[in-house]
Amino acid sequence: MALATLLSVALLASTWLALFSYFGATSAFGLFTDLEKRFVPDVQGMALDFPDLSRVSSIRTLDGVKLAELDDGKNSRPVKLEDVPQMVVDAALAAEDADFYEHEGVDFAAIGSAFLDNLRGVTRGGSTITQQVVKQNFVGNEVTIKRKIREAMVAVELERRYTKDQILEYYLNSVYYGWGAYGVRAAAQEYFGKDLDELTLAEAAALFVPIRNPSIYDPRRQPEFVENRRNDVLDTMATHGMITREQAEAAKKQPLVIQPHTRFQGPADHVVAEVKRQLLHEPEFSFLGATVDERKKAVFGCPSDDIDCVGGGGLTVYVTIDLPLQEKANDILETWLPFTDPSTLTQEEIDACIARYNATRTPVPELDRLRCSVTGAISMVDNVTGAIKVMSSGLPFEVEQFDLALQGQRNPGSSFKPFGLVAALESGISELSFWDARSPLEVECPYPCSDDGSNIWTVRNAGGNIDHGLTLYDATRRSVNVVYAQVARDVGPAHIVDVARRMGVRKGILPQVYSIVLGAGNVAPIEMASAYSNFATNGLHADTYLVERIEGPDGSVLYQHVSDRRQVMDPAVMAAARRPLTKVPTSAGTAPRANIGRPQGGKTGTHQNYMDAWFVGFVPQYSTAVWVGYPDFQYPMRNVTINNQFYSRVFGGTIPAPIWAEFMQEALADEPVLDFPEDPPGVGKYFVVPETDVPLVLGMLEEDAVDTVYQAHLQPVVEQVASIEPVGTVVGQDPDPSAEGAPSPMTAKQGTQVTLLVSTGEPPSAPLPDFAGLSVDQVIAALEQFKTDTGVELSFIVSFVETSEPSLVGVVVTTSPTPGSVVTFGDEITLFVGVEPPPPPPQPPGNGGGNGNGGG
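Below or above, wherever it landed, is the structure these notes cover.

**Digging into the packing of helix H20 (residues 525-537) against helix H21 (residues 571-581)**
Contact geometry for H20 and H21: axes closest at 8 Å, N-to-C directions at 100°. If you check the angle between H20 and H21, you find them roughly perpendicular. Listed contacts from H21 to Asn-534, Phe-535 and Ala-536 of H20 are Met-574, Ala-577, Arg-578 and Leu-581. Here the contact of H20 with H21 is built from residues that sort into 5 nonpolar, 1 polar and 1 charged.

**Regarding helix H12 (residues 269-281)**
Its 13 residues give H12 an end-to-end C-alpha distance of 18 Å, which sits within 8% of 18 Å, the value for a rise of 1.5 Å per residue. His-270, Val-271, Val-272, Glu-274, Val-275, Gln-278, Leu-279 and Leu-280 are the residues of H12 that are buried.

**Side note on the packing of aromatic side chains**
Taken as a whole, this structure holds 21 aromatic pairs when the rule is applied. Ring geometry for Tyr-630 and Tyr-635: centres 6.1 Å apart, planes at 80°, overall edge-to-face. Seen from their ring centres, Phe-633 and Tyr-635 are 6.3 Å apart, and the 85° between their planes marks the pair as edge-to-face. Pairwise contacts between aromatic rings join Phe-416, Phe-419, Tyr-532, Phe-535, Phe-618 and Phe-676 into one cluster. Taking NZ or CZ as reference, Lys-74 lies 4.6 Å from the ring centre of Tyr-182, over its face. Taking the ring centre of Tyr-318 as reference, the NZ or CZ of Arg-549 above it sits at 4.2 Å.

**A closer look at the sheet that holds strand E23 (residues 715-721)**
Through backbone hydrogen bonds, the strands of a sheet pair up, either in parallel or in antiparallel fashion. The mixed open sheet is built from 3 strands, whose spatial order is E23-E26-E24. Looking at which strands have only one partner, the edges of the open sheet turn out to be E23 and strand E24 (730-734). If you compare each strand with its neighbour and ignore which way they point, the axes differ by 25° on average. Across 4 bridges, the pairing between E24 and strand E26 (residues 753-759) is antiparallel. Bridge assignment links Gln-733 to a residue of E26, and that residue is Leu-756. Across the sheet, helix H23 (residues 702-711) touches E23, E24 and E26, and the angle it forms with E23 is around 155°.

**Focus: the side chain of His-541**
Tracing the sequence through the fold places His-541 in strand E13 (residues 540-541). A distance of 3.0 Å separates a polar atom in the side chain of His-541 from a polar atom in the side chain of Ser-530. In contact with His-541, other than residues within four places in its own chain, are Met-503, Gly-504, Arg-506, Ser-530, Ser-533, Asn-534, Asp-564, Arg-565, Arg-566 and Val-568.

**Points about the pairing of strand E31 (residues 828-835)**
In terms of strand pairing, strand E28 (residues 795-802) meets E31 through 8 bridges, oriented parallel. Pairing of Glu-802 across the sheet is with Val-835, part of E31. As paired strands, strand E29 (residues 812-816) and E31 are joined by 4 bridges and run antiparallel to one another. Bridging across to E31, Thr-814 finds its partner in Phe-832.

**Notes on the pairing of strand E19 (residues 622-629)**
Most of E19 sits out of view: 8 of its 8 residues are buried. Going residue by residue along E19, you find Tyr-622, Thr-624, Val-626 and Val-628 tucked away on one face and Ser-623, Ala-625, Trp-627 and Gly-629 tucked away on the opposite face as well. Summarising the sheet, strand E7 (residues 375-382) and E19 pair through 8 bridges and their orientation is antiparallel. Pairing of Gly-376 across the sheet is with Val-628, part of E19. Here 7 bridges tie strand E18 (residues 612-618) to E19, and the two strands are oriented antiparallel to one another. Opposite Ala-613, over in E19, you have Val-628 as the bridge partner.

**A look at the state of the cysteines**
By definition, a disulfide links the sulfur atoms of two cysteines through a covalent bond. Enumeration according to the criterion identifies 3 disulfides in this entry. Here Cys-302 pairs with Cys-309 through a disulfide, and the sulfurs are 2.0 Å apart. For the disulfide bridge between Cys-302 and Cys-309, the dihedral angle about the S-S bond is near -80°, and by the sign convention the bridge is left-handed. Using a relative accessible area of 0% as the deciding quantity, one classes Cys-302 as buried. The residue that forms a disulfide with Cys-445 is Cys-449, at a sulfur-sulfur distance of 2.1 Å.

**Examining the environment of Gln-634**
By the secondary structure assignment, Gln-634 is in the loop between E19 and strand E20 (638-642). Residue Gln-634 is classed as partly exposed on the basis of its relative accessible area of 28%. Sequence separation between Gln-634 and His-607 is 27 residues; the distance between their C-alpha atoms is 9.7 Å. Other than its neighbours up to four places away in sequence, Gln-634 contacts Thr-360, Arg-410, Asn-411, His-607, Met-611 and Asp-612. Of note is the side chain of Gln-634, whose polar atom sits 2.4 Å from the side chain of Asp-612.

**What about the pattern of salt bridges?**
Taken as a whole and assessed by the stated rule, the structure comprises 35 salt bridges. With a shortest N-O distance of 3.3 Å, Lys-148 and Glu-151 are connected by a salt bridge. In this pair, Lys-148 and Glu-151 both sit in helix H6 (residues 145-161), 3 residues apart, roughly one turn of the helix. On the basis of relative accessibility, which here comes to 0%, the residue Glu-151 falls in the buried class.

Thresholds, definitions, all that
- Residues numbered from 1 in each chain as written.
- Predicted model: local features only at pLDDT ≥ 70, side-chain atom pairs only at ≥ 80, totals over all residues.
- Heavy atoms only, no water.
- Axes fitted to C-alpha atoms, helices over the stretch in contact; angles between N-to-C directions.
- Helix = DSSP H or I, 4+ residues; strand = E, 2+ residues; numbered from the N terminus.
- Parallel < 35°, antiparallel > 145°, perpendicular 65-115°, else oblique.
- Contact = heavy atoms within 4.5 Å.
- Nonpolar A, V, L, I, M, F, W, Y, C, P; charged D, E, K, R; others polar.
- Expected span 1.5 Å × (residues − 1).
- Buried < 20%, exposed > 50% of the residue type's maximum accessible area, 1.4 Å probe, protein only.
- Phe/Tyr/Trp six-rings, centres within 6.5 Å; stacked < 30°, edge-to-face > 60°.
- Lys NZ or Arg CZ within 6 Å of the ring centre and 35° of its normal.
- Pairing = 2+ DSSP bridges.
- Polar contact = N/O pair within 3.5 Å; in protein donor to acceptor, adjacent residues only side chain to side chain.
- Disulfide = S-S within 2.5 Å.
- Salt bridge = Lys/Arg side-chain N within 4 Å of Asp/Glu carboxyl O.

Shape descriptors only; they carry no functional weight alone.
Pasting the structure below:
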């Protein structure tokens, strides 16, 4: 059996050798005519269009900085032949087909020589470059004589239809070089990290070695095989006069230095991930394909393991990100809120971190995935176009792929109050309306709204206590919770949610509950930045976008974003709402640490339990949101050290505000100082002090009376007065709707003080007036006035005293007690009223002797 096999091989070898020698000396076309009738159909009728090459796509900033390369495992970067250095072309020809420009598609002598080499144990192919192109794209690789003849026939036809340069260019760009690299340009980058014009002669010769068999001639795993074959290529180049023998020998002495397998690492991986998501899933990019698979091919090209797939990729996607600002935002977050490597934690710190996960019912990850430290996010949008300029997440992409800036849905706290303000203005409520600002305040809900399941929502202010009322304007700049709870009750949570949606919060979770005005929902920083841009533009809004332009492989524009600015809000409402927001980043507001010394506005936000902290601010050009919190769960930020400073509690004004200021100073360093748009007509009506009815509260207890006055949007002022009425009873008020001659109803400007005289329960007392000179009727009237003025009611008795002074007759001469003495309610006084003394009694009759005697 062995002898028979050996004889068969020898016979076959001699037959093929003779045949190939004959082919080499005879014109190919005559013999092909006979073979064509027996083995192949008419090749002239075949479609021999070169398949579209898959290409690597890229994502770039508008100024051309590359952020990412996109492929599906097929690293393909086609290049025109004219851009391939001649030395590289010569190396390719020497390695695969030195006589490429001489034959007509099939080199029979080369086939015969390769056959003899194979018999001697030297593996090499005999196919021309044209045949390799045919095999890869038109006839397949079936090991049969029929396929081989068909391959030769098609190769000849291919050379009839295309020039040599066209065939060579396609070959150099389509052949597989190993390690996912398709095409000569991709291979140069893969193995040497160089462009084609940077390759050395030794590198160019080695570049084409893997084509024969990428698994055997692997520059990384079998460098000695590659180096030996490289030297053969150099010899061939010298033999064919492509280089000198000296150049070849010098190149052989150069070591084969292959760089490690790496893929392009961009500077903004979170941005890249979001671009990929949008291209594959957003309706705006449906032109890329009707299905995700179609879009994937259009963007990433063909998978490396799909031999039937052609085309795809080659896109250049330009994005709106300002890379220097993005990197600056990353640096600021890293400085303020550095990521803590879990491997550096002590066991005590690990236990404390796990306790937080458990307390928030968050699944505990593996140790190396623990997120134990406070982090943050910064998002900035262009107010005019809606372009996303910055989307910085505080966690590195290799640590956390979830993008906190775009996807992080967190409680916005009081940064949601401006939407309540806008809803109030739209409902006709003035910013100078007056509200009860005392804390706590109980609000009755039409649904269960408390932790105990009742319908009473108890609202408390953050920070210091307030014992008086405030205008809506002041309640906004000071971020007063109880005022906004009343606003939510009066305008309705549905209206507030509708305002937020119209202004740009499209994806946030916004429950229609009263507490939405204090941030009961969940929103992402990018949407808050987008919504706040309305305050800078008087409601002229453009939706956010990230992809600016997409170009095809030939540079044609396939997509160009066009911002659609729409007047989504009443300009006068937005201009009016902007006014108190410009006071927030000042000493009069909650975020003086956000002040950057130019026209600006914003709002702080703090979760009621300090789990999330925000500052969302705007200048005429940009709007920026800063969020701070724990990445994996919501946990109180109490007793934490941030940026080398201890904080017992984290507020929006303590951490997010200074982060915002630091970032915006960088962002605006080269931007002109601009003013906000002029106020449009109609703003003034939102700053009119409204009228309200003055309630009558006489006889009420103090607490009820005070609440009633506040509910009427007036400011109660309590004065304690002595009165025999029960303690705490209102015994007088000013203004008094029940007063004689008072209008009905009695009205006053909201915020007007209403003085309430509240009984202490003690009889009133006062100095007794001087009633001297008054008649009794006049004293009665004076006592009534004294009662009115002092609350002291007196009784009296009259005692008459004789007086010889006519002017004192019929009037009070004095009183007891005397004028100026302190008298108390219920006392009795004595009025001493003057009367004429009685006339003297008449003399008895006599004899007149005395007179007579006297006369005589």
